[in-house]
Amino acid sequence: MLEIVDLECVRGDRRLFSGLAFSLESGELLHLHGHNGSGKTTLMRAICGLIRPTAGEVQWNGTDIRRLGEEFNRELAYVGHRNGIKDDLTGVENLRISCVLDGIAVSEAKAWDALEQMGLKGCEDLPVRVLSQGQKRRVSLARLLLHASPLWILDEPFTALDKAAVGFLQTVIRSHVERAGMVILTTHQEVSLTRGQVKQLQLGWKGDGDV
Amino acid sequence: MFEAFLIIVRRDITLAMRRRSDLFTTLFFFVIVVSLFPLGIGPEMNTLRLIAPGVVWVAALLASMLALERLFAADFEDGTLEQMLLVPQPLSLLVLGKVTAHWLVTGLPLAIVAPLLGLQYDLSPEALGVLVVSLLLGTPALSLIGAIGAALTLGLRGGGVLVSLLVLPLCIPVLIFGAGAVEANVSGLGEQGHLSMLGALLVLSLLFSPLAASAALRISAE
C-alpha cells in the first residue's frame, strides 16, 4: 500500500501543495488532475523519490521510501515526460538494457514480442533516432509489458500516441489494475476501467488536495 | 548486480562506437597539444627530455577534462539517467560502470599513443614504459575524480568550464606523481615510489568517487 503523509513540496519560492495526504491500495488507479504548473509532475517525482519533499513522507507498506532506498525501486515503474531511451540504440537494445537494470531476465524473443505488441513491428532493430515521436513513446512504454512491479507512475503516458496506441495502452493499464496493481497517472484523456477503483485528485490553486 | 555493471559498460561503449566523432576529439586534442611543444621549442634534445613528463601529463589531464562534460550530460537530457536512479541497483555501481566505459574510450587510448608521442621528446624506451604505466594508473583516477565534478555540475549552464575549475585542483596529486614517476626514471632515481602513490590514489578514488558522484547525481536530478 502506498501512503502519502502530510506531503509538502516547494519549487523555487512557490509552495505547490502542502498537507497532502492520501493512500492507494492494490487494484486502485489514481488520476491526478490539475492545471498546468499545479505540481502534478512534482508530486509524481516526489512519490518516486526523485525529489525530496519539503515536509512529510511517502510510505510504502508503512515504511518511509527513503529508508527503503533501492528496495522501493523494485516495486516501481516510472514513465516520465522524457522517454528515457537512447537515440543511438535500437528498440530491442533499449528494452533489454532497461530490463537488465530492473533486474528482470528478458530473452531477446520476449523483447521483440513486447515491441511487436506495442505496434512497432518492423522497427524493432532500427536506431530509435529514426523513429517518430509516437514510436519513441511506444518503445519507452514497452517496458510496462515486461515489468512485474506493482506500482506504475505514468506522467502523461498518452502524449504523442495515436488513437490505436492510446486504446492499447488503456487496456494494458486496465489489466494491470485488475491484476491488483496500482497506477498513478496524469492525462487529459478519460481512462475507463472495468474493475477496480478510480480515485481522482485535484491539485488546485489553494494548494490543498483531497481525495 | 554485477550484470547491471556490465550492461552499463557495454551500453556506453556501444554508444561511443556509434558516435565516433566524440571519441576522437579527446585523442586528437592530446596528440596535437603534445606535438605542439617540440615544434614550438625547437629540436633542443636536453630541454625536450626535461619537459616531456610534465607536458604529456598536463595534456592528458586537459584531454580528460575535455571529455568529462559528456559523461552524464547525454543521459541526463534523454531521461535515461532518471531511469537509472529508479532501478533496484546500487547507483554507485552504475556510476562505476559509466566511469569504466568512459575511461576505456577516452583514457586508455591516451596511454596507448603516449609512447609514440614520447619519441618526439627523445625519451629512452625505459622512460616510455614508465610513462605508459603511470598513465594507466593515473587516467582512471582522473576519470573517477572528474565524475564527481561532472555529476555536481549536471544541468548547469556553462557546466563545462565549471567542471574544470572544480576538478583540476583535485587532480594535482595525480599530475605530480604521474609526471614525477617519469622524471624520476629519467634522472635515474627509480620510479617505484611515485607509481605506488599513483596506485594508492587510484584505489582511494575507486572507493570514494562512485559514492560521492552518485550522491551528487541525486542532487542534480532533483
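Cut-offs applied
Residues numbered from 1 in each chain as written. Chains lettered and ligands numbered in written order. Predicted model: local features only at pLDDT ≥ 70, side-chain atom pairs only at ≥ 80, totals over all residues. Heavy atoms only, no water. Helix = DSSP H or I, 4+ residues; strand = E, 2+ residues; numbered from the N terminus. Rg over C-alpha atoms; globule rule 2.2 N^0.38 Å. Buried < 20%, exposed > 50% of the residue type's maximum accessible area, 1.4 Å probe, protein only. Contact = heavy atoms within 4.5 Å. Areas by Shrake-Rupley, 256 points an atom, 1.4 Å probe, with all protein chains shown as cover. Lys, Arg positive; Asp, Glu negative; His and termini not counted. Charge placed at Lys NZ, Arg CZ, Asp CG, Glu CD. Phe/Tyr/Trp six-rings, centres within 6.5 Å; stacked < 30°, edge-to-face > 60°. Lys NZ or Arg CZ within 6 Å of the ring centre and 35° of its normal. pLDDT = per-residue confidence, 0-100. Core = buried A, V, L, I, M, F, W, Y, C linked by side-chain atoms within 4.5 Å. Buried area = accessible area lost by both parts, 1.4 Å probe. Salt bridge = Lys/Arg side-chain N within 4 Å of Asp/Glu carboxyl O. Polar contact = N/O pair within 3.5 Å; in protein donor to acceptor, adjacent residues only side chain to side chain. Nonpolar A, V, L, I, M, F, W, Y, C, P; charged D, E, K, R; others polar. Pairing = 2+ DSSP bridges. Axes fitted to C-alpha atoms, helices over the stretch in contact; angles between N-to-C directions. Domains from an automatic or database assignment.

Turning to the overall build of chain A, a few remarks are in order. Along its length, chain A carries eight helices and nine strands. In terms of overall dimensions, chain A is globule-like: its C-alpha atoms have a radius of gyration of 17 Å, near the 17 Å expected for 211 residues. Referenced to the eigenvectors of the C-alpha coordinate spread, the extents of chain A come out at roughly 50 × 40 × 35 Å. Per-residue burial for chain A yields a buried fraction of 54% across its 211 residues. Sequence-distant contacts in chain A: of pairs separated by 6 or more residues, those separated by 24 or more amount to 66%. As presented, chain A carries roughly 9,300 Å² of accessible surface, and 47% of it is formed by carbon and sulfur atoms. Taking the average location of the 25 positive side-chain charges in chain A and that of its 27 negative ones, the two points are 3 Å from each other.

Our next topic: the packing of aromatic side chains. For the coordinates displayed, the defined rule picks out three aromatic pairs over all chains. When the ring of F24(B) is compared with that of F28(B), the centres are 6.1 Å apart and the planes differ by 50°; the resulting orientation is tilted. With F24(B) and F28(B) both in helix α2 (residues 20–41), this residue pair falls four residues apart, about one helical turn. Between the NZ or CZ atom of R82(A) and the centre of the ring of F76(B), over which it lies, the distance is 5.6 Å.

Let us look at the confidence of the model for chain B. For chain B, per-residue confidence averages 92 on the pLDDT scale, and 100% of positions sit at 70 or higher. This complex was scored by the predictor with a pTM of 0.90 and an ipTM of 0.86.

Moving on: the nonpolar core. Grouped burial of nonpolar side chains is what soluble globular proteins tend to show. Ranked by size, the top nonpolar core spans 96 residues in total, and within it L2(A), L43(A), L151(A), I184(A) and F72(B) carry the most contacts. Broken down by element, this core gets its largest block of residues, twelve residues, from helix α7 (residues 125–152) of chain B. Aside from chain neighbours lying at most four places away, what touches I184(A) is L2(A), L24(A), L30(A), L32(A), M44(A), I47(A), L151(A), W152(A), I153(A) and L154(A). With 33 residues, the next largest nonpolar core counts L154(A), F158(A), A165(A) and L169(A) among its residues.

Moving on, we come to the interface of chain B and chain A. The partner chain A presents 27 residues to the 29 residues of chain B that form the contact. Carbon and sulfur atoms make up 55% of the surface buried where chain B meets chain A, a total of about 2,600 Å² over both sides. Considering only the surface of chain B that becomes buried against chain A, L86(B), P88(B) and E222(B) emerge as the three largest contributors, covering 26% of it. At the surface where chain B touches chain A, the tally comes to six salt bridges. Where R19(B) meets D88(A), a salt bridge forms, and the shortest distance between an N and an O atom there is 2.7 Å. Counting across the chain B and chain A interface gives 16 residue pairs in polar contact (both at pLDDT 80 or more). At the level of elements, α1 (2–18), α4 (70–78), α5 (80–85) and α6 (91–118) of chain B are the ones that each hand at least two residues to the side of chain B that touches chain A. Top element by residues in the side of chain B that touches chain A is α1(B). It accounts for eight residues. Of the residues in the side of chain B that touches chain A, the class split is 15 nonpolar, five polar and nine charged.

We note that N61(A) has phi near 50°; this positive angle belongs to a residue other than glycine. Note on placement: N61(A) falls in the loop between β4 (55–60) and β5 (63–64).

Another point: the sheet that holds β4(A). Hydrogen bonding along the main chain pairs the strands of a sheet, whether they run parallel or antiparallel. Residue and element names in this part refer to chain A. Ordered by their spatial adjacency, four strands build an open sheet running β2-β1-β4-β5, and the pairing between neighbours is antiparallel. A single partner strand is all that each edge strand has here, and the edge strands are β2 (14–24) and β5. Both strand β1 (residues 2–11) and β4 contribute to a ladder of five bridges, which runs antiparallel. Opposite E8, over in β4, you have A55 as the bridge partner. Against the sheet, helix α1 (residues 40–48) touches β1, β2 and β4, its axis set at about 125° to β1.

To continue, consider the domain arrangement of chain A. All names here are of chain A. Taken domain by domain, chain A comprises domain 1 (1–75 + 150–160 + 177–211) and domain 2 (84–148). The distance between the C-alpha centroids of domain 1 and domain 2 comes to 26 Å. For the domain 1 and domain 2 pair, buried surface summed over both sides reaches about 610 Å², with 56% attributable to carbon and sulfur atoms. Considering only the surface of domain 1 that becomes buried against domain 2, W152, P157 and A160 emerge as the three largest contributors, covering 56% of it. Summed over the shared surface of domain 1 and domain 2, the result is zero salt bridges. Looking at side-chain class alone, the side of domain 1 that touches domain 2 contains five nonpolar, one polar and two charged residues.

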